[in-house]
Number of protein chains: 2
Amino acid sequence: MQTIRIGLIGAGTVGSGVLKILSEESARFEKEYGISLNVHTICTRTPSKIAPISKLFSKVKITDDYKQVVGNPEIDTIIELVGGTTISEEIVLGALQSKQTVITANKALLSEKGEVIYKTAEENQTEIGFEASVGGSIPIIRAIRNCLAGDKVLGLYGILNGTTNFILSKMETEGLDYKEALKLAQEKGFAEADPSFDVEGIDTAHKISILGSLAFGEKIPLQNIVVEGITKITRLDIAFASDLGYRIKLLGLVRKLDGKVEARVQPVMIPKHHAFASVMNETNAVYYKTAFAGPGLIVGKGAGALPTASAVVSDLIYYSSRRGKNLPMERNRFPKASISEANQTEARYYLRFNTLDQPGVLAEIAKDLGTNGVSISSVRQNESEKEPAEVVVVTHPCVEASISASLGRIDASEVVLEPSVAIRLEDKL
Amino acid sequence: MQTIRIGLIGAGTVGSGVLKILSEESARFEKEYGISLNVHTICTRTPSKIAPISKLFSKVKITDDYKQVVGNPEIDTIIELVGGTTISEEIVLGALQSKQTVITANKALLSEKGEVIYKTAEENQTEIGFEASVGGSIPIIRAIRNCLAGDKVLGLYGILNGTTNFILSKMETEGLDYKEALKLAQEKGFAEADPSFDVEGIDTAHKISILGSLAFGEKIPLQNIVVEGITKITRLDIAFASDLGYRIKLLGLVRKLDGKVEARVQPVMIPKHHAFASVMNETNAVYYKTAFAGPGLIVGKGAGALPTASAVVSDLIYYSSRRGKNLPMERNRFPKASISEANQTEARYYLRFNTLDQPGVLAEIAKDLGTNGVSISSVRQNESEKEPAEVVVVTHPCVEASISASLGRIDASEVVLEPSVAIRLEDKL
């Protein structure tokens, strides 16, 4: 029987979930996997909060000093659930340098410091598991590392932020505007008081950076990811999208084109009949394209105490079974990054113009689009009694640069009253 | 650098796919995983067919005698792609007894002989990988074994047969009847000349038996699985289902209830808004419920040369990295089976009665249902100029036994012209 002595650092929502699972299931894990998972020390700033659950473990030590855990020779594996990028970096690097195994859910840290973390793990011949860092309970890290090991990932497309997916879903199904939906998300605990990290797309960008690094073996710095959030999405665009047979989702994508990696986070329109479009509310999903297996989709809970804890404990069991067995390192190599500067993929675009309702407006818009090589597929202008009029254009496939150039001209015109809206149609998912 | 010498037995569609991937990607695998995958011997009944691709491997031996491969001390790992349950059993058991690693896509063999196969692997301290046996490229085996290792699977629900899903999809989207859709499937290569194995649900039952064994650690003999195919599904039922907001799918399920395992393969109705219902045509999917992670869904290609080969090669890399490392066995244990005799779960049912269009028919049906404790939620009887009339009843939740008892009485009545149809509504997925 193998024994793994665990140091848990950070006993908040997810940490408590981990303790709950370990207290209830350790006996079964021992029987099924032949591994005894012993909680040795819990490091938390609020020991009183975890007093009830910590009593379920015999001889567990409680401390508020992570240095009692990191590098402690009595502890084999650290579970880092502190979050953030300051103290957690010291914890993770310190543990790896002491040849402790590290399990973490920290997407910000991995996204920003992944290179040095993986290098430290490799130099010290130990391992780091981070399934919980992307998509909560969705097993996408393991899928890339093992299940698609014999394949070649071409692209990963993720709905990776529950807050924004909840907001966009409620805007559609309840007819709420952005602010109302955000308020509902906050009331339900799906959005923070300051939601900017989520709604501006940063959280999704962190996750896309981690997935892209794994899939393509290249460091994808956050500043190389084009990031656009959902704050400008209106109820009107969601209704127009629905009429056109689409649904707006905040999509994080990372794909390899002509040897270059493209990474973006943007609201896009996905055809409603696509399974990806039926991922609603706080649910997360990753859609992948590969050279051989063809497209695949994994859907599940992206956050929450027990879903995230489930991924943490599964990692714990997986890496415990590998510990000290001198296995080849799981790949975390970074050749030099080669990040694509701009999106060169052609796509159709939805464009919405808020214009004066006067003769010649549509002609002017059409002319500016045509000048930049943007060809129009369909136009919709609802009869309106009062100004302004909303003109919706769906284009034929074109590159993003043509759209930007067109909108630059059109928005400078006096007949356009608000910045125009452009959303990519993901017809080829 | 670790070197794995491979013996491939069976070089048909999937085998050729494996050879194609290995010929194109082995250099990359070597660089990324530090494992050199050398094809040592190819065993095939038709060497001429694989001559072009076998030339891509240096020093490969071609044979039509599997005994040149099984137990050959120059070969570390056998890839068994013969299929069936006769010769393949000798191959798999022989290889395991010789401590060779086995990778297989053989669902029939694992379903029927899994117990002795896993035991033989354990006794010889070697391993068997079979990701490709269920759901082609869908990584459901790895998900259960690793990604949900720290969780507890409560139920697995699969659309696991591309042929039947294609037929049901085309019946709905093209308005075909069963025979027309089957013919189309055969023309497109999605159905065999003799499709009974697929359309009668046997193939799905094999896969459900494998998944259930993995998830619950119990042997699930084929004869303990209630199996019903799709041959009795009519265009009419599909249209009624659609009107009611449902889609008919051949569902394989295995779940644990009150300590007993229930395993079934049946056409059921799934709410259209559920992501599971948007799995169309030859695509496969597995939906899972667990104690902690909450529900998850994995969708992908369930068959085809390259998707299946992708799973085989991914297994090959995974088990190659583990070979000879004295790792704890992956769980394939079978405590005593405890299979539920009948479905005790309550569900709503769709019932269709083909009746004489005369007064009192509905009253008689309602009475027989009521007598058996089946309560009616809604009734639909279209006006018809000519007999017979179709009466569609949706019930409130009840157990299957009540439905069977009711239909027994109703079908014995003179006013009912054809055996009545009962399809479970999976409202709680």
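An unreviewed UniProt entry lists chain A under the name Homoserine dehydrogenase, from Leptospira koniambonensis. UniProt lists a comment for chain A under the heading Catalytic activity (unreviewed entry), and it reads "L-homoserine + NADP(+) = L-aspartate 4-semialdehyde + NADPH + H(+)".

J.: Would you take a moment to explain the pairing of strand 15 (residues 389-395) of chain A for this structure?
T.: In regular strands, side chains alternate between the two faces of the sheet. Residues and elements named next belong to chain A. Within strand 15, 7 of the 7 residues are buried, which leaves the element mostly enclosed by the surrounding structure. Covered by surrounding structure in strand 15 are A389, V391, V393 and T395 together with E390, V392 and V394, the residues of both alternating faces. Inspection of the sheet shows strand 13 (residues 348-355) paired to strand 15 by 6 bridges, in the antiparallel sense. Paired with L351 across the bridge in strand 15 is V393. Taken together, the 5 bridges between strand 14 (residues 376-381) and strand 15 define a ladder with antiparallel strand orientation. Each bridged residue has a counterpart across the sheet, and for I376 the counterpart in strand 15 is T395.

J.: Whenever I open this one, the UniProt feature "binding site: L-homoserine" (unreviewed entry) in chain A confuses me. Can you help?
T.: With numbering matched to this structure, UniProt assigns "binding site: L-homoserine" (unreviewed entry) to E192(A). For E192(A), a relative accessible area of 52% translates into the label exposed.

J.: How do you make sense of the domain arrangement of chain A when you look at a structure like this?
T.: Reports often express the size of an interface as the amount of accessible area lost when the parts come together. Here chain A is partitioned into domain 1 (2-135 + 305-322), domain 2 (140-301) and domain 3 (346-425). In this structure, domain 1 of chain A and domain 3 of chain A have C-alpha centres spaced 52 Å apart.

J.: Whenever I open this one, a nonpolar patch on the surface confuses me. Can you help?
T.: All names here are of chain A. Together, F197, I202 and V227 give the surface a local cluster of nonpolar side chains, amounting to about 210 Å² of exposed area. Note that I202 resides in helix 9 (residues 202-216). The exposure class assigned to I202 is partly exposed, which follows from its relative accessible area of 31%.

J.: Explain the sheet that holds strand 1 (residues 2-9) of chain A here, please?
T.: Sheets are built from strands that pair by backbone hydrogen bonding, the pairs being arranged parallel or antiparallel. All names here are of chain A. Read across the open sheet, the 6 strands follow the order 3-2-1-4-5-6; overall the sheet is parallel. Two strands bound the open sheet, and with one partner strand each, they are strand 3 (61-63) and strand 6 (128-129). Examined bridge by bridge, strand 1 and strand 2 (residues 35-43) share 8 bridges and lie parallel to one another. By the bridge assignment, Q2 is partnered in strand 2 with I35. Contacting strand 1, strand 2, strand 4 (77-80), strand 5 (101-104) and strand 6, helix 11 (residues 305-322) runs over the sheet at an angle of about 120° to strand 2.

J.: Just checking my understanding: could you explain the pairing of strand 2 of chain A for this structure?
T.: Residues and elements named next belong to chain A. Among the 9 residues of strand 2, 8 are classified as buried, and the element is accordingly described as predominantly covered. Note that the unit made of strand 1, helix 1 (residues 13-33) and strand 2 has a crossover that is right-handed. Read from strand 2 through helix 2 (residues 47-54) to strand 3, the crossover connection turns out right-handed.

J.: Mind showing me how you'd approach helix 2 (residues 47-54) of chain B here?
T.: Residues spaced three or four apart along an α-helix face the same direction, because each turn holds 3.6 residues. Residues and elements named next belong to chain B. Residues I50, I53 and S54 constitute the buried set of helix 2. Relative to the axis of helix 2, the buried residues are bounded by an arc of 90° and lie together on one face. What points out from helix 2, more than 90 degrees from its buried face, is the exposed set S48 and P52. As for helix 2, its buried residues are in contact with helix 1 (13-33), strand 2 (35-43) and strand 3 (61-63).

J.: I would appreciate a short explanation of the interface of chain B and chain A in the present structure.
T.: Facing the 47 residues of chain B at the interface are 47 residues of chain A. Summing the contributions of chain B and of chain A, the shared interface buries around 4100 Å²; its carbon and sulfur component is 56%. Connecting chain B to chain A are 2 salt bridges. One salt bridge connects E25(A) with K152(B), and the closest N-O pair in it is separated by 3.3 Å.

J.: Hey, could you run me through the sheet that holds strand 4 (residues 77-80) of chain B in this one?
T.: Residue and element names in this part refer to chain B. Strand order across the open sheet formed by 6 strands is 3-2-1-4-5-6, with parallel pairing between neighbours. One side of each edge strand has no neighbouring strand; the edge strands of this open sheet are strand 3 and strand 6 (128-129). Of the strand pairs in this sheet, strand 5 (residues 101-104) and strand 6 are connected by 2 bridges, and their pairing is parallel. Bridged to I103 within strand 6 is G129. Against the sheet, helix 3 (residues 87-97) contacts strand 1 (2-9), strand 4, strand 5 and strand 6, and its axis sits at roughly 165° relative to strand 4.

J.: Could you clarify how one ought to interpret the relation of the copies chain B and chain A in this entry?
T.: Put simply, the second copy of the chain is the first one after a rotation about an axis and a shift along it. Rotating chain B by 180° about the axis while translating it 0.0 Å along that axis superimposes it on chain A, leaving an RMSD of 0.0 Å. Expressed as an axis order, the relation between the two copies is that of a two-fold axis. Measuring from the rotation axis to each C-alpha of chain B, the shortest distance belongs to I298(B), at 2.2 Å. Interface overlap between copies is the fraction of interface residues in one copy that are interface residues in the other; for chain B against chain A it reaches 100%, indicating a shared surface.

J.: Honestly, helix 11 (residues 305-322) of chain B in this entry has me stumped. Any pointers?
T.: All names here are of chain B. For helix 11, with 18 residues, the first-to-last C-alpha span of 26 Å sits near the 26 Å given by 1.5 Å per residue. Buried residues dominate helix 11, accounting for 16 of its 18 residues. Positive phi appears at G324, one or two residues downstream of helix 11, with a value of about 75°.

Rules of the game
- Residues numbered from 1 in each chain as written.
- Chains lettered and ligands numbered in written order.
- Predicted model: local features only at pLDDT ≥ 70, side-chain atom pairs only at ≥ 80, totals over all residues.
- Heavy atoms only, no water.
- UniProt positions renumbered as here; feature names shortened; annotations may be inferred.
- Buried < 20%, exposed > 50% of the residue type's maximum accessible area, 1.4 Å probe, protein only.
- Helix = DSSP H or I, 4+ residues; strand = E, 2+ residues; numbered from the N terminus.
- Pairing = 2+ DSSP bridges.
- Domains from an automatic or database assignment.
- Patch = residues over 30% accessible without salt bridge, like charges linked within 9 Å, V, L, I, M, F, W, Y side chains within 5 Å.
- Areas by Shrake-Rupley, 256 points an atom, 1.4 Å probe, with all protein chains shown as cover.
- Salt bridge = Lys/Arg side-chain N within 4 Å of Asp/Glu carboxyl O.
- Contact = heavy atoms within 4.5 Å.
- Axes fitted to C-alpha atoms, helices over the stretch in contact; angles between N-to-C directions.
- Right-handed = clockwise from strand over helix to strand, strands pointing away.
- Arc of directions from axis to C-beta.
- Buried area = accessible area lost by both parts, 1.4 Å probe.
- Least-squares fit on C-alpha atoms with pLDDT ≥ 70 in both.
- Expected span 1.5 Å × (residues − 1).

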